Amino acid sequence: MGRNSPRSHREHGEKLKPVHYRIAQTHISLQPFLVDSRDLMNTAKDHSPLVEFRDVSFAVNGGPPIIDRLSLAVERGETMVLLGESGCGKTTTLRLVNRLLTPTSGEVVVEGKASTAWDPIQLRRRTGYVIQEAGLFPHFTVAENVGLVPGLEGWDEARISARVTELLLLVGLDADKFSQRYPRELSGGQRQRVGVARALAADPPLLLMDEPFGALDPLTRASLQKEFAELKSRLGKTVIFVTHDVREALLLGSRIALMAAGRIVLLRTPQEFATSDNKLARAYLETLRSEFVIAP
Ligand SMILES: Nc1ncnc2c1ncn2[C@@H]1O[C@H](COP(=O)(O)OP(=O)(O)OP(=O)(O)O)[C@@H](O)[C@H]1O
Ligand SMILES: [Mg+2]
């Protein structure tokens, strides 16, 4: 076992310094996350993409393709933003990764293995999924929602409880106040934070985030975007992040895949995207400029 493997950290008694991190006016420790993700990064010698779409099409009942010959490699540790207007196939693309859908043709390769060759349950436990509108289980408390996957993974109760507390703090919620509440007793923004905490719970290497900040007021949204931008680089996760907000795409993406009608029409870094002469990209960028024009 390598020196940087999870066990060797414990065997050598190495201690990573806690990092104090400001989230939503709360000072918290990120130490448990750093231990996990540094181990993950140090031991990751594999430079192959974590997720690769190979000429993937998806259609329902022989209808027109919803996803149309899509090819895309998502590198380890990057945040790939899927940007595009409503109905262009962003959610469908995410659902093809964790095998909620399977391609009509082509293949989606996750960690070197076609999605169809994965045990779907194993695959979903390795992919934290934040769905549009948070998708919490209404009859589970906040703590039960967040602790769901660790519970399925067989963690003992004390470990789950400690993890739930850490994660709620991480997303800016006071565990004493919120852990025993039900989703209906939360605001939309609080539900979305719980959704993010749940996706991170078992420290999966891959996060699929479908407009996770979509239903938030602009101030909360901006603050969560900023927090997430810092958080994701610290955690070393690979993220596929769906949005139709170009500002969010530029802030969070290491690359932006611009989608239209089930295809990727442009794949660029944020810097390249900002200066692209692609017509659709320009139209998105134009929305940033026109945002501050006040009607007479
Ligand atoms: N099960 C289905 N059967 C038929 N059509 C579907 C099905 N699921 C999705 N679609 C269609 O596929 C297209 C892509 O849907 P998808 O949910 O991926 O869009 P999206 O880019 O996530 O949009 P939004 O930004 O509104 O969430 C849409 O036109 C949608 O109506
Ligand atoms: Mg969608």
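Cut-off values and rules
- Residues numbered from 1 in each chain as written.
- Chains lettered and ligands numbered in written order.
- Predicted model: local features only at pLDDT ≥ 70, side-chain atom pairs only at ≥ 80, totals over all residues.
- Helix = DSSP H or I, 4+ residues; strand = E, 2+ residues; numbered from the N terminus.
- Buried ≥ 20, exposed ≤ 12 C-beta atoms within 10 Å, placed from the backbone.
- Contact = placed C-beta atoms within 7 Å.
- Near = placed C-beta within 6 Å.
- Nonpolar A, V, L, I, M, F, W, Y, C, P; charged D, E, K, R; others polar.
- Pairing = 2+ DSSP bridges.
- Expected span 1.5 Å × (residues − 1).
- Core = buried A, V, L, I, M, F, W, Y, C linked by C-beta atoms within 7 Å.
- pLDDT = per-residue confidence, 0-100.
- Axes fitted to C-alpha atoms, helices over the stretch in contact; angles between N-to-C directions.

### Here we look at the overall build of the chain
Right, on to step 1. Check the secondary structure of the chain and you find 13 helices and 12 strands.
Right, on to step 2. A buried classification covers 36% of the 296 residues belonging to the chain.
Right, on to step 3. Considering only contacts within the chain whose residues lie at least 6 apart along the sequence, 66% involve residues at least 24 apart.

### A word on the site of ligand 1
Right, on to step 1. In the region of ligand 1, the neighbouring residues are Val60, Ile66, Gly84, Ser86, Gly87, Cys88, Gly89, Lys90, Thr91, Thr92 and His244.
Right, on to step 2. Looking at the shell around ligand 1 residue by residue, the classes come out as 3 nonpolar, 7 polar and 1 charged.

### A closer look at the environment of aspartate 176
Right, on to step 1. Looking at where aspartate 176 falls in the secondary structure, it is placed in helix 8 (residues 175–178).
Right, on to step 2. Take aspartate 176: there are 9 C-beta atoms within 10 Å of it, and that puts it in the exposed class.
Right, on to step 3. Distance from aspartate 176 to threonine 165, taken between C-alpha atoms, is 8.4 Å for residues 11 residues apart in sequence.

### Notes on the sheet that holds strand 7 (residues 113–114)
Right, on to step 1. Strand order in the open sheet formed by 4 strands is 4-3-6-7, with antiparallel pairing between adjacent strands. In this open sheet, the two edge strands, each paired with only one partner strand, are strand 4 (67–74) and strand 7.
Right, on to step 2. As defined by bridge partners, strand 6 (residues 105–110) adjoins strand 7 across 2 bridges and the pair is classed as antiparallel. Its bridge partner being in strand 7, valine 110 is matched across the sheet by lysine 113.

### Examining helix 7 (residues 157–170)
Right, on to step 1. The first and last C-alpha atoms of helix 7 sit 20 Å apart over 14 residues, in line with the 20 Å expected at 1.5 Å per residue.
Right, on to step 2. What helix 7 keeps buried is the set Ile160, Arg163, Val164, Glu166, Leu167, Leu168, Leu169 and Leu170.
Right, on to step 3. Residue glycine 172 follows helix 7 closely and has a positive phi angle near 85°.

### Considering the nonpolar core
Buried together is how nonpolar side chains tend to be arranged in soluble globular proteins.
Right, on to step 1. Core analysis: the biggest nonpolar cluster contains 66 residues, and Ala197, Ile240 and Ala257 have the highest contact counts within it.
Right, on to step 2. Per-element tally for this core: the top contributor is helix 7, with 6 residues.

### Section: the confidence of the model for the chain
Atomic detail in the predicted coordinates should be set aside for any region of low pLDDT.
Right, on to step 1. Put simply, the chain has an average pLDDT of 82, and 81% of its residues get 70 or more.
Right, on to step 2. Across the chain, element-level confidence peaks in strand 3 (residues 51–58) with a mean pLDDT of 98 and bottoms out in strand 2 (residues 26–29) with 32.

### Remarks on the pairing of strand 11 (residues 255–260)
Right, on to step 1. Note: strand 5 (residues 79–83) against strand 11, 4 bridges, orientation parallel. Along strand 11, the bridge assignment pairs valine 81 with isoleucine 256.
Right, on to step 2. For strand 11 and strand 12 (residues 263–268), the ladder comprises 5 bridges, and the chain directions are antiparallel. Bridged to alanine 260 within strand 12 is arginine 263.
Right, on to step 3. Counting the residues between successive antiparallel strands, the hairpin from strand 11 to strand 12 contains 2 residues, one of them, alanine 261, with a positive phi of roughly 45°.

### Things to note about the environment of isoleucine 256
Right, on to step 1. Mapping isoleucine 256 onto the fold places it in strand 11.
Right, on to step 2. Given 29 C-beta atoms within a 10 Å radius, isoleucine 256 is considered buried.
Right, on to step 3. Separated by 175 residues in sequence, isoleucine 256 and valine 81 place their C-alpha atoms 4.8 Å apart.
Right, on to step 4. If near-sequence neighbours (up to four positions away) are discounted, isoleucine 256 is found in contact with Val81, Leu83, Ala249, Arg268, Pro270 and Phe273.

### Here we look at the sheet that holds strand 10 (residues 238–243)
Right, on to step 1. With mixed pairing, 6 strands are arranged side by side in an open sheet as 8-9-10-5-11-12. The two strands at the open ends of the sheet, each matched to only one other strand, are strand 8 (127–130) and strand 12. Sheet twist, expressed as the average angle between the axes of neighbouring strands with direction ignored, equals 15°.
Right, on to step 2. Where strand 5 and strand 10 come together, 5 bridges link them in parallel fashion. By the bridge assignment, valine 81 is partnered in strand 10 with phenylalanine 241.
Right, on to step 3. Against the sheet, helix 9 (residues 188–200) touches strand 8 and strand 9 (206–210), its axis set at about 170° to strand 8.

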